[in-house]
Each structure stands twice: as C-alpha cells, then as structure tokens.
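# Inside the fold
Each chain is listed here by its residues.
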Amino acid sequence: MLRIRCPYCGERDHSEFRYGGDATIEYPALDASADAWHDAVFQRENPRGWQRETWHHVHGCRLWLIVERDTLTHEIRSVRAARPDIAATLEGES
Amino acid sequence: MSSRVGQGGRYVDRDQVLTFRWEGGEYTGHPGDTLASALLANGIRVVGRSFKYHRPRGVMSAGTEESGALVTLGVGPRRDPNVKATETELYDGLQAHGQNAWPSLRFDLGALNDRLSRFLQAGFYYKTFMGIPPLEWGRGTGAWMWYEKWIRRAAGMGKASRAPDPDAYEQTHRFCDVLVVGTGPAGLAAAQAAAEAGADVLVVEQDFLPGGALLSDGGETSATLRRNRLQAIEAAGATIMTRTTVFGLYDHGVAGLIERVTDHLPAPPGEQPRQRFWIVRTRRIILATGAIERHLAFGDNDRPGILTAAAGRTYLNRFGVLPGRRIAVATNNDSIYTGAMDLANAGADVVVLDGRDMADNALVSQAERCGVTVYRGKSVSRAHGGNGVSLIEVSRRRQGAWMPDGSLACDALLVSGGWSPAIALHSQRGALPVWNEPLGCFLPGETDEAIDVAGAAAGVWTTEACDRSGAAAGSRAAAAVGYAATPKETPERGGWAQPLDALYEVPSPRKHVKSFVDFQHDVTADDIRLACREGYVSVEHLKRYTTLGMATDQGKMGNVLGIALMAEQLGQPISAVGTTTFRPPYTPVSLGALTGRAVDSHFKPLRRTPMHDWHLAQGAVMTEAGLWQRPWYYPRRNESLESAYIREAALARNTVALCDVTSLGKIAVQGPDAGEFLNRVYVNALAKLSVGKARYGIMLRDDGIVMDDGTIWRLGETDYFVTTTTAHAATVLAWLEELLEVRWPALKARVTSITDQWAGCAVAGPQSRTLLSQCLKEPDRVDSERLPFMGVTEARLRGDIPCRIARISFSGELAFEAYVPSDYGPAMMDLLWQEAKTRSGGLYGLEALGTLRIEKGHLTGAELDGRVTLEDAGLGRMASGRKHAVGSALRQRPALQQDDRPRLVGIFPRDRGETFNAGALLCRENAVEGFGEGWITAVTHSPALGHWIGLGFIQGGVQHWQDKGVVAADPIRKQPVAVEIVAPTMYDPEGDRLHG
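Residues numbered from 1 in each chain as written. Chains lettered and ligands numbered in written order. Predicted model: local features only at pLDDT ≥ 70, side-chain atom pairs only at ≥ 80, totals over all residues. Heavy atoms only, no water.

### Points about the overall build of chain B
- Across its full length, chain B holds 25 helices and 48 strands.
- Along the longest, intermediate and shortest principal axes, the C-alpha atoms of chain B span 115 × 75 × 55 Å.
- Relative to its 996 residues, chain B shows a buried fraction of 59%.
- Of the contacts made within chain B by residues no fewer than 6 positions apart, 66% connect residues no fewer than 24 positions apart.
- Within the structure as shown, chain B displays about 40,400 Å² of accessible surface, and the carbon and sulfur contribution to it stands at 51%.
- Across chain B, the centroid of the 107 positively charged side chains sits 2 Å from that of the 111 negatively charged ones. (Helix = DSSP H or I, 4+ residues; strand = E, 2+ residues; numbered from the N terminus. Buried < 20%, exposed > 50% of the residue type's maximum accessible area, 1.4 Å probe, protein only. Contact = heavy atoms within 4.5 Å. Areas by Shrake-Rupley, 256 points an atom, 1.4 Å probe, with all protein chains shown as cover. Lys, Arg positive; Asp, Glu negative; His and termini not counted. Charge placed at Lys NZ, Arg CZ, Asp CG, Glu CD.)

As structure tokens, then:
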C-alpha cells in the first residue's frame, strides 16, 4: 500500500486513488498528424527509477495530481495538483 | 501415561482443568496449554501422517514453524484443516482430528507409499504421469489432469469444510509511530524504550501470551524481567496485541496483521468476529521476531518424539510437560545446554551428543554437574521406532567422516542444528538476506526503509544481549520519529562461548533411509541431491522441482538446511546459493479475514434509484446492472420473463410505456468554455448545438476506439447536461476531469456528476406525447412545434415539480426522457403511471429495453467493448469531417479503416422458429472452427418482427455476407443454427416512428 500525500486531503492510502499514466507526455494538438499522435499514445517509456505520473484522487477530492515516484522503490518525492492554478492556490496556503 | 511433571509449568493454570476431544477420545489439559502441549502431556505422540509418504508424525516444535502436528480443528462448518497444534490455544470442548490417514493415525494404508518411496522421489509425478515411454499414450495435459485427481487424493493435507463459514470477519485500520513485532526480550525492551520516549507504540505478538523466549526460561529472572517490562510498557501507554500475526510488510510502512479474536473459543460469542484483519500505517517498524531452531538431516529424523531442542525446553518450563524420561540431545551449538540442565533437573536422564570436537568449557562442566552426560564429536545418524523414537544410532566424527559408534535407547530426541533468524518480514521488503558463516545463519540485509531488526532476529543470541539490542532499537525508533531518546549501544551479534559447527547432515549408516529436510512436503536430502544432479541448480528451481519450502510453513524449519545441502552438492558456499524470494503472508491467512465484511450483499456497493420501492410496489423483478438495481420485468401473475418482456416491448411499440433510466450517468458541464470543451471531446459537430437542443454524441479514446455514447443537452449558453451509458458513467467522468485538469487546464469549464441528483424516466410509444402533456402544468410544452425531435425544455409537472424533458429515443418510438430532482422521482412515476394506465399503457424493464434497442440496432456496452471503431459500429457518419476531436487522428489509422473489420450487423435465424445464443460465434457454414468470422453480442425475441433476432459483429459487415451461408456456432450449448446477416436497424429503418 502506497501512501500518497494529496495536497488537498493529506496523506491517504493509494487505494483511494487511481493511477493515470506518464505525466511527461506532451499530447499533440487535436489537429496534429496521426504519426504525432501515434508517438504520444503508443511510444511510452518504462523507466526504472524516477517517473512523473498522474494519479486521480477518485475517492477523495477528485483532483488529478502529478506524483514523482521511484518505480523501483515506490518512494514518492512530490505530489502536486495537475492544474497549475489549483497547485499554486494549495501551495500558497501551506 | 501423563508426561506432566509433578509441579511447574509456569504459564499453565494447573488448578483448572479443560476437557477436549482428540480423534474422538476425551482428554484433559489446563488453561495456558496449547493443543500440542496437552497432547504431549497425555502421552500422545502420533498426531498426523505426512503429506506424501504417510509417515507417522508428532509434535516437532513449540511454535509457528511446526511441520508435524498439523491437525484439523473443529467440526461441521467450523472445520479448519492444517492448523498447527503448537499454536492452538486449548479451550474447553475443543475437538481436533489427525489428518491424511485412513483408517487411523496409527495404522494408515497410505503408508504403503513409504515402501514405494524409491519411486516417489522428486519429480516422480511429472516424469511418470506427464508421459514418458512406454507411457506415451498417457501424455498431455488432459491425461495429467486425470491422474492429478487421484494423486491429489492420495497426497494431501486436511480437508476444509464445504459448508459456508458461519463466522464473521472484519477489516480495520490503525496508525502508530512505532510497530514492534514480537515480545521476546528484544521486543519488550524496544517497546518500553520507544514508548517511554513518548512514541505511540503498537506491540504485536502471535502467541496468546506475550514474552516470546522469556516464557520458555525456567528461572525467576526471566519471569521478573517479563513482568516488569509488560508493566512499564502498559504504564507508558503502548498497546500490546496478542494472538496477532504481522503477516506482511508493504510499501511506505504499511503492515498487514491478522488478529485471531475468537479462535481460542469454541464459537465467537455475540457479535464478535472470528478474526480481524488490521491494516496498520507505521512510521517505524522494529522486527524482534526471534529466531527459529533448525533440525539436522539424519536417517528417519521424522520419528514422533523428535523435537527441536528449544521446544523440549519450552514444553518443560512453560507447560510443565516432559517430552520424555530418557532424552537424547543432538546439537552443533551451545544453545541446548540450559535446556538440557532444566530437563535433567526435572528428573529426566539426559545425554547430549555434541557434534563438535571441543575443549573443556564452563557450559559443559556445568551441565555435567547437573547430571547431564555429554559426548563430544558424536551425533545421531538414525532414529528407530515407528510410532515414537525408542533408539538412536550414534556416529562419531573421524577426520571429517562419520563412523557408526553404537546406539542409545531414548524416548525423546531433541535436535539443534543452529538458529535461523526470522527474517521473512524484513526480506519481504526486498532486502536480500546475507549469509553469516560464523553464526551459520542468514541475517537481514541492508534496507533504506524505516525498519530495524533487534534481538535474535538480528543474530544476537543471549537473553541479556537481546534485551540491550531491543532497547537500542527502541531508542533509535523514538528518535527517528521525533522524540528525545538517549542513544544506546547495540550489542555484538552472536554470544555463544564456543562457535557453532556447520553441521547439517549426519549420513545414515544404512542406504535408502530417508533424511527429511522439509517435513511438511516430505522432501528428503536425497531429493535435494537428485534435483541438483538433474540440473536444478538455482535455488528457485530447486524449490519448484522438489517443493522444498512450499508447504504451509513456507520452509521455516527446512529451507536453510535444504540450501546448505544444495551448496554442498554444488561445491559452492551457501552465500552463493542464496535464498528463495520471501513473499507475504508469513503464516497462512484465511481468505475470510481478508474479505472481512465484504461478503454476500456487502460484496459490492448497492445503488438504488429513488423509484426502487415504487417499482417493487408495481411487482417488478429487479436485476443488477453494474452496481445498480434496475427493474428487469414486471410480471403479471405467473408470467414468465420471456412473455413479460415481449408484452412490455409491444406496449412501447403500440401504445405507451415507462422505463426508469435514472442509472444513466449524468454530468453537468458548465462554464464559458463548456461548449468548446464538449466539441473537443465528442466526435460529432457540437459547435452549432443551440440552446434548447440535444444531440446524440460519441466520444473516442485517444487511440480512436469508441469509449462511450450518450446525449448532450444544451440548457443554457454555458450550461450543458450530458448523459453517459450506465456502465461507463464513472470512467467518463474521470476522463473529462483528466482532460480539464491535466491536458487543457486553460479551458474554463467544470464537470460535476449529477447522476444521483436527477431521477429519470423514459416515456416511449405512439401515445407518449399526449401522456406527457397531461402530466405537465403547461400541456403544450411538448407539442411537436415547441418540442421537435432532439428538442430540450425545462418545464414543470403537475404539482409544480421541476422537470427537464428532451425528445430523444432509445426505443425508436416517439419518446421523451424526463428528469426531475431525485426526491420527486416517485411522484413523477405516480403522475406518469396514472396517465399510462388510462391509455392501456404499461411499464417496461431492462429486458424489454434491450428488445427495443436490439430491434433498432442501438448500442450498449455489449457492443462498445473497447475494440470497436465508429465505422465498426456503423456510426462513421456521426463524426464531423470539419473538426478535430479526441481520437479523430488515430481513428484514421489504415488498419482501423479496413473494410474487412468486424462490422455491426443484425442477425435473423434462417428458420424463423429457431433461436440462438448471445456469445455464439458467427461462422461460415460447414466451417465451425477457430474464432469464426464474428460474434453475437445480444439476442432477443422481437415482438415487432415476430421471431428471434440478434446483434453482432462480422468481418466485412452486411454487404459481405448477404445471402451467404452463416451459422451461429455455440458448440458447448447447442447445435449450430443457420442465420441470415441483415442490416443492424432491423425495425423501422427509415425512423418514421420517431415522429409519432
């Protein structure tokens, strides 16, 4: 069981969350070519070590989060709200 | 004959007597006994038969490593197999039976296997029954599965009850600063140090008494130390949980515990659960789990009456039971001497065979002064005595080889082959154990996690040093979690005066005598060597080939011995062989405890629409749709499902009928960019959707596959009401949230689930408009001019009930969907139903809903299964060519555009009187093979067409298969049925009926 420190709810079990995916992917514009979309959707890294990834606090505040996690040790280095304005607000509070 | 000593047994209450039944006979014991100590006290030595060879087995240990005394506890639905008698707390009325023997434990026909054992070595079953010449005819999985049934019957453990478990279990949660596992000297000292520094400490003990090894000590010193520590821990506010096992350590300091709440009672009293599964979140963990004594490999080393040396001492000092009157002790280390003296002082004749050639030392002299005879350089090479050891053969070591050296009569043999720290929990976290040659054991490896190991689990052998080791770990833990604690010095490892001798096996002077390594799975030393010779030279392969360490004890007694023998065979050091991977659980965990209360109706959440009771009052039979309860059909008296749904569907086609559609996902999409957002999400042209209009919409995944379909209602300039399928409501909401927060954070739009806030009813049929208008405060709001097809209006029902209405149709008839705030759901149904009745209308459930949509070729989750493109579903024209939406780039991939992909089709039986099954494959006539050409997703009897129809997918679609021979193949359930492939819209293809 991972423990994830949601910036809105506090530290919670990972069973409250749903894993999203690689947060470093830059999705092409909707009118971009199929090749560009192919690379974004299918050409994925599978890093051993640190990865930025998205998690959804489904059974909590429902914020989408950017989590920095070591895929080998599960150590979590940072958790931020994915939306920059929400992240700024939450970090301003603390 | 009772083996209970005249007095003593510090932790049993000898003033009270408990009665229990073993194998049908009545016996007595005392509170504080385990079943094992009570059986030994009653002189019972054979308590089970072994797994493979059916050899008689007795109690071998006094703890969780037990491999011999596996019994079946309880009767009837509470019958529990493979329970370790050494861990079973005795209670009044306990009933237990031996296992794996017929007709009786003392005379078991299965013991014939022992005679045949020359053939039953490692890999025997695979080699023989998976087919080798001349048995080639018996080769293959099918044959193996047939043999396996019989093999399993002969080789086995206890049998679980087939009846439902009458007991409840529960799951609960806890937090603590420091979790201390184990309450031996190290655990108690650690807990006290951490708790007194101020930390919130949870102490867990698997036994029913805290104290660990202190309980086995005869002297007053250990008893006093234990008492004082327990008092101090309690005074410092820490919690001690007994009868609780930490079975697994997980990421981020999370521990899994099983508390055996009422296992020590005949049945759980009142509302008590039988067991409780604790999920504990810790900041720091101290493992003071002790060490487990190993045995030695020698001939017939499994005879009843052969125990670990520490167990002999425990039975005497803790329970007041002498394991024998003439006791032989075989050892390769110092740890047995205190016990040998205790046993001699209790009146037993004790002879020690110490395999080491050692000089005089104080320990030996002290033992000799107590009357213990000590032989050096000697050990046991074989035991005799079928139902209990009576004689042992002795060997003497000369220049490294073992030579026969007489025999010794005895009625108990205690063995110590060294100690293995209990490092399973630590290793579960991925820290590789490290072999320590001088101590002859694996020690916990390095880890970055907040886990500390103290006492014997860290290779510290003496009680006094364990105490200091625990205190040091407790202080470290308290400091690590932020409390002021004085650092204490950690003692050195080891602690024996004379070093251990790396002795693992004493060969039997006679060949073909079994020396067991893993008693529970009957793995012998020869099996290990055979596996090595056959090339299974990785320890993981060795494990799987011989099943070493795969029994319920997970190799607690035998693994290190097996690894040592393998290392010897390979000529490698033990450190090069290593251990197998440790995984949870440390000890067996009942599935009931993991499931907790999530059984029967609590297995998953239950969702009911606000009209649930209303439907029941109308006689609805309910069914599950995901988590939802929905009306399935509304039978008139004695009406079958089939005749009910056909009648209900016909009502919708001919007059008017009502259907609860509350379970559809409903999402409010609001904000200045809501329109732009939806235009990017749905493939349809939505930019021009005007206020007061709705549209059918389809969303794709990034990869161009259909994700979901639904309707989009534009209620206002910046206010949209979106419906999804029942099945995908949660997925779609999460997806929309992801898009807004992760991908397009600049869009000013918000999504809110309002599924539970609005109750919905579909009103379908030629008379739906008149019916609905009669229910409205302003009846003309649903006139065809004011509310054309796909029109949306916000109106009020009679009684001033606010209502959203759209003229949309899933049934293909003139139809409306009306939504009211949830609390008004039953009132809306009352109003609509009253009007429906006067028109001979009716209600329709999920089954009739299915019929109507199949007739029209409309889609549900059965078709949108995550593999289907717009074109496959016949919806290619829905995609706007003038815009780009999610998935619109990748849906253009050539392979997704090929004409021979499976396409949605309708299916008729050629003989209209025939039927076929959903799930059947569509195959070419006379070519019922492989995956066929397609498959059937849904089947119904169509009242409109008067015969059975289906929907499905077939390669190339209807154009390719018109007038060709196709069959619905379902070989398991019925004969192939000839079918006709037709266009998916099987009823009213022009859609005229939508307009009433």
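### What about the sheet that holds strand β35 (residues 706-716) of chain B?
Residues and elements named next belong to chain B.
- Pairing is antiparallel in the open sheet, where five strands are placed in the order β34-β35-β36-β33-β37. The open sheet has two edge strands, β34 (694-700) and β37 (750-753), and neither has a second partner. Put simply, the sheet's adjacent strands are angled 30° from each other on average, direction ignored.
- As paired strands, strand β33 (residues 665-670) and β37 are joined by four bridges and run antiparallel to one another. Pairing of V669 across the sheet is with V751, part of β37.
- Running over the sheet, helix α20 (residues 729-743) touches β33, β34, β35, β36 (719-724) and β37 and is turned about 160° from β37. (Pairing = 2+ DSSP bridges. Axes fitted to C-alpha atoms, helices over the stretch in contact; angles between N-to-C directions.)

### Let's talk about the interface of chain B and chain A
- On the side of chain A, 27 residues touch chain B, which itself brings 29 residues to the contact.
- Interface area for chain B against chain A, summed over the two sides, is near 2,400 Å², with a carbon-plus-sulfur share of 60%.
- On the chain B side of the interface with chain A, the three residues burying the most area are H252(B), E741(B) and L890(B), jointly 25% of the side's total.
- Linking chain B with chain A are two salt bridges.
- The salt bridge partner of D13(A) is R281(B), with a shortest N-O separation of 2.3 Å.
- Inspection of the chain B/chain A interface yields eight residue pairs in polar contact (both at pLDDT 80 or more).
- If you list the elements that add at least two residues to the side of chain B that touches chain A, you get β13 (275-287) and α20 of chain B.
- With eight residues, α20(B) is the largest single contributor of residues to the side of chain B that touches chain A.
- The class makeup of the residues in the side of chain B that touches chain A is 15 nonpolar, three polar and eleven charged. (Buried area = accessible area lost by both parts, 1.4 Å probe. Salt bridge = Lys/Arg side-chain N within 4 Å of Asp/Glu carboxyl O. Polar contact = N/O pair within 3.5 Å; in protein donor to acceptor, adjacent residues only side chain to side chain. Nonpolar A, V, L, I, M, F, W, Y, C, P; charged D, E, K, R; others polar.)

### Examining the packing of aromatic side chains
All names here are of chain A.
- Tallied over the full model, the rule gives 18 aromatic pairs over all chains.
- Each ring, one from F17 and one from W55, has its centre 6.5 Å from the other, and the planes form 85°; the classification is edge-to-face. Of the two residues, F17 sits in the loop between β2 (10-13) and β3 (18-22) while W55 sits in strand β4 (residues 50-56), which places them 38 residues apart along the sequence.
- For F17, a relative accessible area of 8% puts it in the buried group. (Phe/Tyr/Trp six-rings, centres within 6.5 Å; stacked < 30°, edge-to-face > 60°.)

### Structural notes on a nonpolar patch on the surface
- Taken together, W102(B), F107(B) and L109(B) make up a surface patch of nonpolar side chains, about 390 Å² in accessible area.
- Positionally, F107(B) belongs in the loop between β7 (95-97) and α2 (112-115). (Patch = residues over 30% accessible without salt bridge, like charges linked within 9 Å, V, L, I, M, F, W, Y side chains within 5 Å.)

### A closer look at the nonpolar core
Residue and element names in this part refer to chain B.
- Core analysis: the biggest nonpolar cluster contains 51 residues, and W22, L35, Y315, Y337, V350 and V352 have the highest contact counts within it.
- Looking at this core element by element, the count peaks at six residues for helix α1 (residues 35-41).
- The contacts of V352, once residues within four sequence positions are left out, are V329, T331, I336, Y337, A340, V372, T373, V374 and Y375.
- Counting residues in hydrophobic clusters, the runner-up holds 33 residues, among them V180, A238, W461 and C466. (Core = buried A, V, L, I, M, F, W, Y, C linked by side-chain atoms within 4.5 Å.)

### A few points about the side chain of S395(B)
Residue and element names in this part refer to chain B.
- Along the chain, S395 falls in strand β20 (residues 391-398).
- Polar contacts involving the side chain of S395 include one to the side chain of S381, which spans 3.4 Å.
- If we skip the residues at most four places from it in the chain, S395 touches G377, K378, S379, S381, W402, M403, P404, D405 and V506.

### As for unusual backbone geometry
Residues and elements named next belong to chain B.
- The peptide bond linking P584 to P585 adopts the cis configuration, its omega dihedral lying at 0°.
- Relative to the helices and strands, P585 is located in the loop between α15 (574-577) and α16 (591-595).
- Here M790, not a glycine, exhibits a phi torsion of approximately 70°, which is positive.
- Mapped onto the elements of the fold, M790 is located in the loop between α21 (768-775) and β39 (792-797).
- For M790, a relative accessible area of 15% translates into the label buried.

### Focus: the sheet that holds strand β5 (residues 64-70) of chain A
- The antiparallel open sheet is built from four strands, whose spatial order is β3-β4-β5-β6 (chain A). The open sheet has two edge strands, β3 and β6 (76-81) of chain A, and neither has a second partner. Going from strand to strand, the sheet's axes swing by 30° on average, the running direction of each strand aside.
- Here β5(A) runs beside β6(A); their pairing, made up of five bridges, is antiparallel. Counted as the bridge partner of V67(A) is V79(A) from β6(A).
- Sheet strands touched by α20(B): β3, β4 and β5 of chain A. Its angle to β5(A), the strand with the most contacts, is close to 80°.

### Thoughts on helix α5 (residues 185-196) of chain B
Residues and elements named next belong to chain B.
- Given a rise of 1.5 Å per residue, twelve residues ought to cover 16 Å, and the 16 Å separating the end C-alpha atoms of α5 matches this to within 8%.
- The element α5 is extensively covered by neighbouring structure, given that eleven of its twelve residues are classed as buried.
- All of the buried residues in α5 are P185, A186, G187, L188, A189, A190, A191, Q192, A193, A194 and A195. (Expected span 1.5 Å × (residues − 1).)

### A closer look at the pattern of salt bridges
- Under the counting rule described, the total for this entry stands at 72 salt bridges over all chains.
- In this structure, the salt-bridge partner of R77(A) is E68(A), at a minimum N-O distance of 3.3 Å.
- Ionic pairing is found between R276(B) and E259(B), a salt bridge with its closest N-O pair at 3.1 Å. Note that R276(B) is positioned in strand β13 and E259(B) in strand β12 (residues 254-259), a separation of 17 residues in sequence.
- Residue classification places R276(B) among the buried positions, given a relative accessible area of 17%.
- Within the structure, one salt-bridge network assembled from shared partners comprises R55(B), R57(B), D300(B), D302(B), R303(B), R382(B) and D522(B).

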